[in-house]
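Coordinates in review
Here is what each chain is made of, one letter per residue.
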Amino acid sequence: MKLRTCLPLLSLLGAATAIVAQQQTMFPPVRGTREMVAAATNFEVEAGFRLLTQGGNAVDAGVAGVLAATVTEQARVGLGGEMPLIVKMNGKPVTIISGVGTSPEKATVEYYRQRQMEPWESQGDMPPIPGQGIRSAILPGLFDGLMLALRQYGTKSFAEVAAPAIEYADAFPIGEEFVSFINRNQNVLRLWPASASFFLPNNAVPERGKIFRQPTLAATLRELAKVEKKARGNRQKKITAVRDYFYKGALGKRIAEFSEANGGLITAKDMAGFAASEDAPVCGTYRGYEICKPGFWTQGPVMVQAFNILEGYDLKAMGHNSPQYLHTVTEAVKLAFADRDRYYGDPKFSKIPSETLLSKDYAAKRRQQIDANRASMEHRPGSFLPPLPPPSTTSAASQAQDTTCVNVVDKQGNVFSATPSGAWLPSVIAGDTGIPLSSRLQSFVLTAGHANQLGPNKRPRVTLSPTLVLKDGKPWVAMSTPGGDNQDQAMLQVLLNMIDFNMGPQEAAEAPRFQTEHFYSSFANHEFVPGKLNLESRIKRETAAALATMGHRVSITGDWSNGSAPTIIKIGDGVLDGGADPRRLRFIFGR
């Protein structure tokens, strides 16, 4: 009798335990029904939400969030950086904005083959193009990308979207990561008086949690707002006046004058000739979902290629993070990255075999190259063109200070997904403008005939790769992440977790991940590490052992060591379901 009485109770306890187990994420899921903003810091999320509460749309909020990031997250991104952006307005097609700067006219292969050693370099660590400093700067692209998006798809003025950033530039409590980056790079920062005074007030590293002020940057943002106020015409013409002042006006000339006076290559002609552009997305399908990415001037199509290869496998039957699953996904990623390394570059200057690379037939041929039991140690791009010699490398590992992410969905169903980056620490501040310059020139190679070979007025092939997934033609997931070369393989795993294993965004973001380094790095030294496979230590030891037996060069890293940290907004059935990766500082808020 007692046993019969206890059985329902035991069932209830078992059900309760299962529910609790499902809720065991580091961060709680964030859900809403109207609007959601996801970014790195609370300041960026607040900036975006401020615009939404003022009646702005997702683009207004996204632009405000990115501007706030260039103030409060300068360890990762600055106003002189770069940014690919995906915009999907409700009822309109997906569009891509290329806010990625181009190389100065003086940036030639010959110039860099004959370059002198920089103060921080040594004979054993002198990459083809410097990894930092004024001679690694491309033109600032992020700002024009933001202005193009705001002008075409936003509703607010520049002054309105810049208001939060201006407030934070006046004063905000600086965070641990920002302080850590300043401390770690202070010797290089001190080589540039404007950078030293900007990041080291009173000649000292700021204290975490204390008020940090950026008066020169605040003055520049206010200067731009005044230009808008004085300009004539409608909202779009006023925003155009702001971007023209940045590139063709007094501000652009000050940036160029500083560059030329300090050994940089950027000129006033370069600044005046630059313009952000609007592009068509690169899209592919996977099990009924449509994945949209920026084009071959980014690494974004890598995800489409990997999905095409993986569609031919029953990944669910293999089991999540089983040895066979991790082996299969890793080998597919290695093949897709090999094509990136050989064929991706600025399509305005290079002929990319895009139709073939994105085709299902090509993916089927690539799938046949995967040995189910053995890891490849070869770099195997498709054979459309003769092989090229590898990029010049050094023994030192490339150092990129990385990127951030801003994702917004508004109550009208508009979507903004951006990967702002560049002008990270240790950055060169362009004199009294407060604007840090990018160091993205290092992503070019000097290899003759390569699609990503350095050339004047050309975009480097960047790692930056926001993502929009559609279901039945409607937005289903908006996602972006930092992580350099790791971005697309991390987001690929998150989407596989959601599509094949039915995880929610937060659970999918937190699940243990791998990272292959079997590609040529996109940064200064362009090193290639064949077979290297990093596994977070939450992946079973016996799984790691099985992968090592297959030939992978396995390295067990920390529990939460993967270099990427996406924010994710899932859209569907009247609910916004958000995820924020705890591997780095990430904030998300919805209502």
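First things first, this report covers the structure right here in the doc. (Residues numbered from 1 in each chain as written. Predicted model: local features only at pLDDT ≥ 70, side-chain atom pairs only at ≥ 80, totals over all residues. Heavy atoms only, no water.)

Along the polypeptide, glutamine 299 turns up in the loop between β9 (289-293) and α13 (301-310). A polar contact of 2.7 Å, which involves the side chain of glutamine 299, links it to the side chain of arginine 340. Setting aside residues no more than four positions away along its own chain, glutamine 299 makes contact with Phe337, Arg340, Tyr344, Arg461, Val462, Thr463, Ser465, Gly484, Asp485, Gln487 and Asp488. (Helix = DSSP H or I, 4+ residues; strand = E, 2+ residues; numbered from the N terminus. Polar contact = N/O pair within 3.5 Å; in protein donor to acceptor, adjacent residues only side chain to side chain. Contact = heavy atoms within 4.5 Å.)

A separate point is helix α9 (residues 215-230). Over its 16 residues, α9 runs 22 Å from end to end, which matches the ideal 22 Å to within 8%, given 1.5 Å per residue. For α9, the secondary structure elements touched by its buried residues are α3 (58-72), α5 (142-153), α6 (158-170), α8 (193-199), α10 (235-247) and α11 (250-261). (Expected span 1.5 Å × (residues − 1).)

Turning to the state of the cysteines, a few remarks are in order. For the coordinates displayed, the defined rule picks out 1 disulfide. Across the disulfide, cysteine 283 is cross-linked to cysteine 292 (sulfur-sulfur distance 2.4 Å). Taking the torsion about the S-S bond as the criterion, the cysteine 283 to cysteine 292 disulfide, at about 110°, is right-handed. The exposure class assigned to cysteine 283 is partly exposed, which follows from its relative accessible area of 28%. (Disulfide = S-S within 2.5 Å. Buried < 20%, exposed > 50% of the residue type's maximum accessible area, 1.4 Å probe, protein only.)

Before going further, it helps to examine the pattern of salt bridges. In total, this model carries 30 salt bridges according to the counting rule given. Between glutamate 118 and arginine 135 there is a salt bridge whose closest N-O contact spans 2.9 Å. With a gap of 17 residues between them, glutamate 118 in the loop between α4 (109-113) and α5 and arginine 135 in the loop between α4 and α5 connect regions that are remote in the sequence. According to the relative accessible area criterion, glutamate 118 is buried, its value standing at 6%. For arginine 135, a relative accessible area of 23% translates into the label partly exposed. Among the salt bridges present, the one from arginine 366 reaches aspartate 339, with a minimum N-O distance of 3.4 Å. Highlighted residues: arginine 366 in helix α17 (residues 360-367) and aspartate 339 in helix α15 (residues 323-343), separated in sequence by 27 residues. With respect to class, arginine 366 is no different from aspartate 339; both count as buried. (Salt bridge = Lys/Arg side-chain N within 4 Å of Asp/Glu carboxyl O.)

What follows covers the sheet that holds strand β19 (residues 587-590). Reading across the sheet, the 7 strands line up as β7-β4-β3-β11-β10-β2-β19 and stay open at both edges, with antiparallel pairing between neighbours. What marks the edges here is a single partner per strand, and that holds for β7 (277-279) and β19. Taken over all neighbouring pairs, the strand axes of this sheet differ in orientation by 15° on average, direction set aside. Strands β3 (83-88), β4 (95-99) and β7 of the sheet are contacted by α5, whose axis makes an angle of about 145° with β4. (Pairing = 2+ DSSP bridges. Axes fitted to C-alpha atoms, helices over the stretch in contact; angles between N-to-C directions.)

With 14 residues, helix α7 (residues 176-189) extends 18 Å between its outermost C-alpha atoms, agreeing within 8% with the 20 Å of an ideal straight helix rising 1.5 Å per residue. Where α7 bends most, at asparagine 183, the angle is about 40°. Here α7 has its buried residues at Phe178, Val179, Phe181, Ile182, Asn185, Gln186, Val188 and Leu189. Each element contacted by the buried residues of α7 is listed here: α3, β5 (172-173), α8 and β6 (211-212). (Bend = angle between axes of the 7 residues up to and from the residue.)

Further remarks concern the packing of aromatic side chains. In the structure shown here, the tally under the stated rule is 22 aromatic pairs. A ring pair is formed by tyrosine 325 and phenylalanine 501, whose centres lie 5.5 Å apart and whose planes are at 85°; its orientation type is edge-to-face. In this pair, tyrosine 325 sits in helix α15 while phenylalanine 501 sits in the loop between α18 (487-499) and α19 (505-510), placing the two residues 176 residues apart along the sequence. For tyrosine 325, a relative accessible area of 2% puts it in the buried group. The buried category is assigned to phenylalanine 501, whose relative accessible area is 18%. A network of ring pairs unites the aromatic residues Phe43, Tyr168, Phe172, Phe178, Phe198, Phe199 and Phe212 as a single cluster. One cation-aromatic arrangement involves arginine 538 over tryptophan 560; the distance from NZ or CZ to the ring centre is 3.6 Å. (Phe/Tyr/Trp six-rings, centres within 6.5 Å; stacked < 30°, edge-to-face > 60°. Lys NZ or Arg CZ within 6 Å of the ring centre and 35° of its normal.)

Let us now look at the pairing of strand β17 (residues 567-572). Of the strand pairs in this sheet, strand β13 (residues 474-480) and β17 are connected by 4 bridges, and their pairing is antiparallel. Bridged to alanine 478 within β17 is isoleucine 569. Inspection of the sheet shows β17 paired to strand β18 (residues 575-580) by 6 bridges, in the antiparallel sense. By the bridge assignment, glycine 572 is partnered in β18 with valine 575. The hairpin formed by β17 and β18 contains 2 residues between the paired strands, and aspartate 573 there has a positive phi angle of roughly 55°.

Running from N to C, α3 and α6 point in directions that differ by 25°, and their axes come no closer than 8 Å. By the angle between their axes, α3 is roughly parallel relative to α6. Crossing angle aside, the handedness with which α3 passes α6 is right-handed. For the pair formed by α3 and α6, the contact residues are Asp60, Val63, Ala64, Leu67, Ala68, Val71 and Thr72 on the first element and Phe158, Val161, Ala162, Ala165, Tyr168 and Ala169 on the second. Tallied by class, residues from the contact of α3 with α6 come to 11 nonpolar, 1 polar and 1 charged. (Parallel < 35°, antiparallel > 145°, perpendicular 65-115°, else oblique. Left-handed = near helix turned anticlockwise from the far one by under 90°. Nonpolar A, V, L, I, M, F, W, Y, C, P; charged D, E, K, R; others polar.)

Below, the discussion takes up the nonpolar core. One finds Leu67, Leu79, Phe143, Phe158, Phe246 and Phe416 to be the most contacted residues of the largest nonpolar core, which totals 85 residues. Top element by residues in this core is α3. It accounts for 10 residues. Val282, Tyr325, Ile499 and Phe501 belong to the second-largest nonpolar core, a separate cluster that totals 55 residues. (Core = buried A, V, L, I, M, F, W, Y, C linked by side-chain atoms within 4.5 Å.)

So, about the pairing of strand β12 (residues 467-471). Judged by how many residues are buried, β12 sits mostly within the fold: 4 of 5 residues are covered. Pairing between β9 and β12: 4 bridges, direction antiparallel. Across the sheet, tyrosine 289 pairs through a bridge with lysine 471, a residue of β12. Alignment of β12 against β13, held across 5 bridges, turns out to be antiparallel. In the strand pairing of β13, leucine 468 is matched with alanine 478.

Taken in spatial order, the 7 strands make up an open sheet running β1-β18-β17-β13-β12-β9-β8, and their pairing is antiparallel. Looking at the sheet topology across the chains shown, the edges are occupied by β1 (30-32) and β8 (282-286). Adjacent strand axes in the sheet meet at a mean angle of 20°, parallel and antiparallel pairs treated alike. The sheet contact formed by β8 and β9 spans 5 bridges and is antiparallel. Each residue of the ladder has a partner; that of tyrosine 286, found in β9, is tyrosine 289. Seen against the sheet, α13 touches β8, β9 and β12 and runs at an angle of roughly 25° to β8.

Nothing here speaks to function; it is geometry throughout.
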